[in-house]
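These are the residues of each chain, in order.
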Amino acid sequence: MLGVQPGDEVTRSDAPDPKLDLAVDRVQKGDASAFQEIVEATSARLVRLGARMMGNVADAEDVVQEAYVKAYRSLVSGQFDRRSKVETWLYRIVVNTTLDAKRSRARRPTSRDEGVDPTWDGSASAEARVALAELGDLIDHLPPDQQAALVLKVVEGRSSAEIGEILGCSEGAVEQKLVRARAALRQRNEIP
Amino acid sequence: MSDSNETLDQRLERLTDATAGVRPRAGFDQRVMLRVLAEPVSVADDLWTAARRLVPIALLVAVVGVVWAVESDRSVDDALALSDDTVELSW
């Protein structure tokens, strides 16, 4: 089933994660080490999201690391106002940081393989690497907002409501982006 | 492997399944924490935090001050307009 990932640590639901909320409280009160709990609870799925958008894990790790630093700064400076769930907020930072990185990469094109970790071993990893590259190539020509909407909805299995929170738009706007993205992909790749 | 007959949805589902096991490399969490803990605590950040709390209060004080000044000026004008005293001018 699309979007349900083996080994997911958290059951997909709209309820906030109390452990993350507690860790955020502690970071905001000055306990920097509490941020590690946030990283450990979220890094796997954020790097997976980043990899699916960037096309490889190495670039995704760079992007997600930068996103975590931005998140930490926001928590420490009191800029996170808890209007959204911690996870949704982190997804928003990762998506925005990823799209910024893709724009920078578009301005100075490099070979996609430059970011690939040559020490990665295992046949499953090779298959995943090929699939990541294929997914990256598939969505690369779409506008950034459509890339994000498509990956979040179809690949990550997020609801349109949550995607709207992540992208800062309405559910209707998310649905529009998805329709346009699919139409563009079908036309460009000549697939039904 | 891609199949030229697969639909878009089939292709996306295949790519979703193939990338489901993607995880960060070993030590990623530790690298993140090293980077986070190395973040300098800047004076600018502290000033920004304090300013965010003080600015609303300062704005309120400013508004109250302006209202008070306008009202004071008005009551002075009213007082002058209602004054029964004549002003003697000496040439």
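A.B. asks: Report on the overall build of chain A, specifying residues and quantitative values.
C.D. replies: Regarding its fold elements, chain A presents 8 helices and 0 strands. In sequence order, chain A lays out its α and β elements as α-α-α-α-α-α-α-α. Taking all 192 residues of chain A together, 49% fall into the buried category. Contacts in chain A between residues at least 24 apart in sequence constitute 70% of all its contacts with a sequence separation of at least 6.

A.B. asks: Run through the side chain of A:S160, naming residues and quoting values.
C.D. replies: All names here are of chain A. Looking at where S160 falls in the secondary structure, it is placed in helix α7 (residues 160-167). We classify S160 as buried; its relative accessible area is 7%. Separated by 2.5 Å, the side chains of S160 and E175 make a polar contact. Ignoring any residue separated from it by four or fewer positions in sequence, one finds S160 in contact with K153, E171, V174 and E175.

A.B. asks: Provide a residue-level description of the nonpolar core, including the pertinent values.
C.D. replies: The nonpolar side chains of soluble globular proteins are, as a tendency, buried together. Ranked by internal contacts, the top residues of the largest apolar core, which has 62 residues, are A:F35 and A:I38. Looking at this core element by element, the count peaks at 9 residues for helix α3 (residues 57-76) of chain A. Contact partners of A:F35, with chain neighbours within four places excluded, come to A:V27, A:Y68, A:A71, A:Y72, A:L75, B:M33 and B:V36.

A.B. asks: With reference to specific residues and values, describe the side chain of A:Q65.
C.D. replies: Relative to the helices and strands, A:Q65 is located in helix α3. In this structure A:Q65 comes out as buried when scored by relative accessible area, which is 17%. A distance of 3.4 Å separates a polar atom in the side chain of A:Q65 from a polar atom in the side chain of B:R35. Excluding residues that lie within four positions of it along the chain, A:Q65 makes contacts with B:F28, B:R31, B:V32 and B:R35.

A.B. asks: If you had to explain the confidence of the model for chain A to someone new, which residues and values would you point to?
C.D. replies: Residue and element names in this part refer to chain A. Across chain A, the average pLDDT comes to 85, with 84% of residues at 70 or higher. Per-element confidence in chain A ranges from a low mean pLDDT of 86 for helix α5 (residues 123-139) to a high of 96 for helix α2 (residues 35-54). Counted against residues more than four places away or in other chains, residues 6-12, with its pLDDT under 50, gives 12 contacts.

Basis of the calculations
- Residues numbered from 1 in each chain as written.
- Chains lettered and ligands numbered in written order.
- Predicted model: local features only at pLDDT ≥ 70, side-chain atom pairs only at ≥ 80, totals over all residues.
- Heavy atoms only, no water.
- Helix = DSSP H or I, 4+ residues; strand = E, 2+ residues; numbered from the N terminus.
- Buried < 20%, exposed > 50% of the residue type's maximum accessible area, 1.4 Å probe, protein only.
- Contact = heavy atoms within 4.5 Å.
- Polar contact = N/O pair within 3.5 Å; in protein donor to acceptor, adjacent residues only side chain to side chain.
- Core = buried A, V, L, I, M, F, W, Y, C linked by side-chain atoms within 4.5 Å.
- pLDDT = per-residue confidence, 0-100.

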